[in-house]
Amino acid sequence: MAAKKNEQHPLRIEGYGSAGEGVARLEGQAVFVKGALAGEICQVQLLKVGKSAAWGRATQVLTPVPGRQSPDCPRYPRCGGCQLRHMTYAEELRFKRQKVQDALQRIGGWTGRVEKIHGAEAPDRYRNKIQFPVADGPRVGFFRARSHEVIDAEDCLLQPLAATRLREAFKLWMERYQVPAYDERAHGGLIRHFYVRVNRRGQSLCAVIANGTDLPHQEELVQALRRAEPDLAGVVLSVNQEKTNVILGKTQRCLWGQDYLEDTLCGLTFRLSVPSFYQVNREQAEVLYGRALAFAGLTGRETVLDLYCGIGTITLVMARQAKRAIGAEVIPAAVEDAKANAARNGVTNAEFLCADAAQAAQTLADRGLRPDVICVDPPRKGLAPAVIDAIVQEKVAGSTQDYYVFKMPVGGLLLKIPTANSQTIGVRSVIQRPEAEALIAAIPSLAVEESSNWNKRYRENLLRMKSGDLYEVARVIKGLMFRERKRGLSNGERKMLHTARQILLSELVLAEDSGYEEVERRVEQAMLQTPEIQR
């Protein structure tokens, strides 16, 4: 008998899904249970039942496991800032190790074993940057899970206490002077976010992100923040008047003090402006970079190429033990910051190129340089095929080792890949997702009439699957489902279409480190931006 919505069943939790939800089996069907831990027996209420999987919640933990703890945050799980506070840290590390293992095996076809996750010595109060969304009330805190509703948060166990004090002073300033919060639906109001960055020495930098070029009672705000945190280094206004979910504006203006902080990482000093990208967990970044150096085994004779170098953190760390380190980054401001950081630390054997990976490879080839080590720390979506091709070409030409710091499903993942195995170990499949490429071969018949302009656009977009842009493909598939509703598809086309959609959603769940329902919501949002579907 098929399971039905709202039924309750006692289920044994066999493992974890990509977002930390428990996974059980009911009549051979996978059931994802939020808040359940591996090894537990839970009474589960089914909230949604699909053809291939179901989703539910644990109404009662019948047999708990030692990995369960009482959440230590009063806002958990309403607040969307944390997902795993019902787990002990040891259980969290066990889940994360298995998550990386599953990702490499399922997507990359890798048969090895992830032996260890290097956990943090202090898993709380580690974030050095916090961005609080602001809403009417005022509420200054974090978004409720899977929504844009702001949960007012007096404190967060992940942030330093300096951020807690500054957030309270900022909220009191809004209340006292009745400063309006931004309304994203009406594109009215003023305050969008409040931003705090804290360095190793305990100094703070604040930014107010506003839908305007000035703040009322600006001097009173500065004085309130300075009283709350004596080590405050500066206050910045970030102007963002766009209709966008991007937090920071393009214009930053210093209201008081300095518009930057300096912080130390691996013994080097870096200057951080408000927009600067910097690892939010400084201590774990040092562990990760230390592992990269150990694997590289640099002797002082090597040339290192660091792609996606940002402000130069990895490049400069590598430069201390290499003959030469070259960083490549497409954002001009980040390149300038990287050059300044090199000069600030007296590093003379590092240089920085404002170029993408393919351009950087060509520049080095034109100069007769071949990197011995290539290190990449890409965005979460991974490497584009052109970048992989450029790396392979460099390797064929003479580089000896690759080191990848991937934004994999868990924080960062460092892979050491010897030259002889660089392609067979599955680097391409980890990044490009072979299921996606198989999908494009499986549904060519769904790119319909040649004469239809919007169908021609969808055919072109469908080909972008090869570049790993899965959300673009989500639009394609949703567009074809639109056609199914309007004009009908053959049974074969309909079956392939729904199979394609299931494969795509599964891939997005893993690639985006999100739950299934969150991915479905994002796909729907992507479709709302597609004019052909709006009509």
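Residues numbered from 1 in each chain as written. Predicted model: local features only at pLDDT ≥ 70, side-chain atom pairs only at ≥ 80, totals over all residues. Heavy atoms only, no water.

**Quick word on the overall build of the protein chain**
Here is step 1: A tally of helices and strands in the protein chain yields 15 helices and 21 strands.
Here is step 2: Within the protein chain, contacts between residues separated by at least 24 positions form 59% of all contacts whose residues are at least 6 apart in sequence.
Here is step 3: If you sum the accessible surface of the protein chain, you get close to 25100 Å²; carbon and sulfur atoms cover 50% of it. (Helix = DSSP H or I, 4+ residues; strand = E, 2+ residues; numbered from the N terminus. Contact = heavy atoms within 4.5 Å. Areas by Shrake-Rupley, 256 points an atom, 1.4 Å probe, with all protein chains shown as cover.)

**Some details on the sheet that holds strand β8 (residues 139-143)**
Here is step 1: The strand order across the open sheet formed by seven strands is β9-β8-β7-β10-β11-β12-β13, and the pairing between neighbours is mixed. Among the strands making up the open sheet, the edge pair consists of β9 (150-152) and β13 (251-257). For this sheet the average axis-to-axis angle between neighbouring strands, irrespective of direction, equals 35°.
Here is step 2: Where β8 and β9 come together, three bridges link them in antiparallel fashion. Bridge assignment links G141 to a residue of β9, and that residue is D152. (Pairing = 2+ DSSP bridges. Axes fitted to C-alpha atoms, helices over the stretch in contact; angles between N-to-C directions.)

**What to know about the pattern of salt bridges**
Here is step 1: For the structure shown, the criterion picks out 20 salt bridges.
Here is step 2: For the salt bridge of E149 with R144, the shortest nitrogen-to-oxygen distance reads 2.8 Å.
Here is step 3: With a relative accessible area of 36%, E149 lands in the partly exposed category.
Here is step 4: Residues R253 and D214 are paired through a salt bridge, measuring 3.2 Å at the closest nitrogen-oxygen approach. With R253 in strand β13 and D214 in the loop between β11 (204-210) and α3 (218-228), this residue pair connects regions lying 39 residues apart in the sequence.
Here is step 5: You can call R253 partly exposed: its relative accessible area is 33%.
Here is step 6: Each of D152, R167, E168 and K171 takes part in a single network of salt bridges with overlapping partners. (Salt bridge = Lys/Arg side-chain N within 4 Å of Asp/Glu carboxyl O. Buried < 20%, exposed > 50% of the residue type's maximum accessible area, 1.4 Å probe, protein only.)

**Some thoughts on the packing of aromatic side chains**
Here is step 1: The full count for this structure, using the stated rule, is six aromatic pairs.
Here is step 2: Ring centres of F132 and F194 lie 6.4 Å apart, and the angle between their planes is 20°; this geometry places the pair in the stacked category. Placement of F132 in strand β7 (residues 129-135) and of F194 in strand β10 (residues 191-198) is noted, with a sequence separation of 62 residues between them.
Here is step 3: The class of F132 is buried, set by a relative accessible area of 0%.
Here is step 4: Chaining the aromatic ring pairs together yields one cluster made of F132, F142, F170, W173 and F194.
Here is step 5: Directly above the ring of Y182 sits R192, whose terminal nitrogen or CZ lies 4.1 Å from the centroid. (Phe/Tyr/Trp six-rings, centres within 6.5 Å; stacked < 30°, edge-to-face > 60°. Lys NZ or Arg CZ within 6 Å of the ring centre and 35° of its normal.)

**Concerning the sheet that holds strand β2 (residues 15-16)**
Here is step 1: Sheet architecture is open: six strands sit in the order β1-β5-β6-β4-β3-β2, paired in mixed fashion. Looking at which strands have only one partner, the edges of the open sheet turn out to be β1 (8-12) and β2.

**A word on empty space enclosed by the protein**
Empty space among the atoms can be located by rolling a probe the size of a water molecule over them.
Here is step 1: Per the counting criterion, the structure on display carries six cavities of 30 Å³ or more.
Here is step 2: The volume enclosed by the second largest cavity comes to roughly 110 Å³.
Here is step 3: What lines the second largest cavity is a set of 13 residues, among which C73, R75, C79, C82 and C156 lie closest to the centre.
Here is step 4: When the residues that make up the lining of the second largest cavity are grouped by side-chain class, the tally is nine nonpolar, one polar and three charged. (1 Å grid on protein atoms, 1.4 Å probe; cavity = no way out; pocket = protein on both sides within 12 Å on 5 of 7 lines; lining within 4 Å. Points joined across faces, edges and corners; volume = space filled by probe spheres on them. Nonpolar A, V, L, I, M, F, W, Y, C, P; charged D, E, K, R; others polar.)

**So, the nonpolar core**
Here is step 1: Core analysis: the largest hydrophobic core is formed by 39 residues, its most contacted members being F170, M174, I191, F194, V196, L215 and L225.
Here is step 2: Broken down by secondary-structure element, the contributors of at least two residues to this core are β7, β8, α2 (161-177), β10, β11, α3 and β12 (232-239).
Here is step 3: Of the residues forming this core, the biggest block, seven residues, is contributed by α2.
Here is step 4: Ignoring anything within four residues of it in the chain, the contact list for M174 reads V134, P138, V179, P180, A181 and I191.
Here is step 5: Membership of the second largest hydrophobic core comes to 31 residues, among which are Y289, C309, A322 and A342. (Core = buried A, V, L, I, M, F, W, Y, C linked by side-chain atoms within 4.5 Å.)

**Structural notes on the confidence of the model for the protein chain**
Here is step 1: Chain-level pLDDT for the protein chain is 79 on average; 72% of the residues reach the 70-or-more range.
Here is step 2: The low-confidence segment residues 510-514, where pLDDT is below 50, has 20 contacts with residues more than four positions distant or belonging to other chains. (pLDDT = per-residue confidence, 0-100.)

**Side note on helix α6 (residues 332-344)**
Here is step 1: Here α6 contains 13 residues, and its C-alpha end-to-end distance of 18 Å stays within 8% of the 18 Å for a straight helix at 1.5 Å per residue.
Here is step 2: Within the span of α6, buried status applies to A334, V335, A338, N341 and A342. All buried residues of α6 project into a common sector of 120° when viewed along the axis, lining one side. More than 90 degrees from the buried face of α6, the exposed residues found are P332 and A343.
Here is step 3: Residues of α6 that are buried make contact with β15 (268-273), α5 (313-319), β17 (324-329) and β18 (350-354).
Here is step 4: Taken from the residues just after α6, G346 is the one with a positive phi, measuring 65°. (Expected span 1.5 Å × (residues − 1). Arc of directions from axis to C-beta.)

**Looking at the pairing of β17**
Here is step 1: The element β17 is extensively covered by neighbouring structure, given that five of its six residues are classed as buried.
Here is step 2: One crossover worth recording links strand β16 (residues 303-307) to the parallel β17 by way of α5, and it is right-handed.
Here is step 3: The pairing of β17 with β18 spans five bridges and is classified as parallel. By the bridge assignment for β18, A328 is matched with L353.
Here is step 4: Handedness of the crossover is the feature at issue here: the chain leaves β17, passes through α6, returns alongside β18, and the resulting connection is right-handed. (Right-handed = clockwise from strand over helix to strand, strands pointing away.)

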